[in-house]
Structures are given as C-alpha cells and as structure tokens.
Amino acid sequence: MFGLKQWIKKHKFQFHLATFLMISLPALGLYSAAVSHQVYLQWALLGLVILGNLATLLSD
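Residues numbered from 1 in each chain as written. Predicted model: local features only at pLDDT ≥ 70, side-chain atom pairs only at ≥ 80, totals over all residues. Heavy atoms only, no water.

Things to note about helix α4 (residues 39-58)
Argument step 1. Here α4 contains 20 residues, and its C-alpha end-to-end distance of 28 Å stays within 8% of the 28 Å for a straight helix at 1.5 Å per residue.
Argument step 2. Elements that come into contact with the buried residues of α4 comprise α2 (12-24) and α3 (26-35).
Argument step 3. Positioned one or two residues after α4, D60 has a phi angle of 90°, which is positive. (Helix = DSSP H or I, 4+ residues; strand = E, 2+ residues; numbered from the N terminus. Expected span 1.5 Å × (residues − 1). Contact = heavy atoms within 4.5 Å.)

Below is the structure:
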C-alpha cells in the first residue's frame, strides 16, 4: 500500500486523469445499455464509476 501511495504522489496528473476518465466515460455506454436493457453491462459500467470515485477518495 505504501508503494502505491508513493506512486500516486509521483504521478498525480496521470492518476487524476485516469480516475476522471473512469468516472466520466462510462456515462456514454450507460445510456446505450439502459436503452437496450443490458443489465449486466449497466452494472459493469456503474462499477467503473464507483471504482473511480473510491480511488479518488482514497488518494488523499
């Protein structure tokens, strides 16, 4: 865990860019999945959003 925190501090821009993309990009697929009633895809894309939010919260 300590190594991960050090990496995040060293690569702050890349980490925040990755979490931003994890939060914002699944919205494009979520709309299509909701319209076509693809429940498993909806859960997978929501999982990406949740992981992105958790990573942002836990990064300090």
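Here the narrative resumes.
Some words on a nonpolar patch on the surface
Argument step 1. Taken together, the side chains of V39, W43, L46, I50, L51, L54, L57 and L58 present a nonpolar region at the surface, about 860 Å² in accessible area.
Argument step 2. Topologically, L51 is positioned in helix α4.
Argument step 3. For L51, a relative accessible area of 51% translates into the label exposed. (Patch = residues over 30% accessible without salt bridge, like charges linked within 9 Å, V, L, I, M, F, W, Y side chains within 5 Å. Areas by Shrake-Rupley, 256 points an atom, 1.4 Å probe, with all protein chains shown as cover. Salt bridge = Lys/Arg side-chain N within 4 Å of Asp/Glu carboxyl O. Buried < 20%, exposed > 50% of the residue type's maximum accessible area, 1.4 Å probe, protein only.)

Points about the environment of G47
Argument step 1. Here G47 shows up in helix α4.
Argument step 2. Taking the relative accessible area as the measure of exposure, G47 reaches 25% and is therefore partly exposed.
Argument step 3. For the pair G47 and M22, spaced 25 residues apart in sequence, the C-alpha to C-alpha distance is 9.5 Å.

Focus on unusual backbone geometry
Leaving glycine aside, a negative phi is the common case for residues, and trans is the common case for peptide bonds.
Argument step 1. With phi around 60°, H37 is a residue other than glycine that occupies positive phi space.
Argument step 2. The residue H37 is located in the loop between α3 and α4 in this model.
Argument step 3. With a relative accessible area of 66%, H37 lands in the exposed category.

From the geometry alone we can't say anything about function, so treat these as descriptive.
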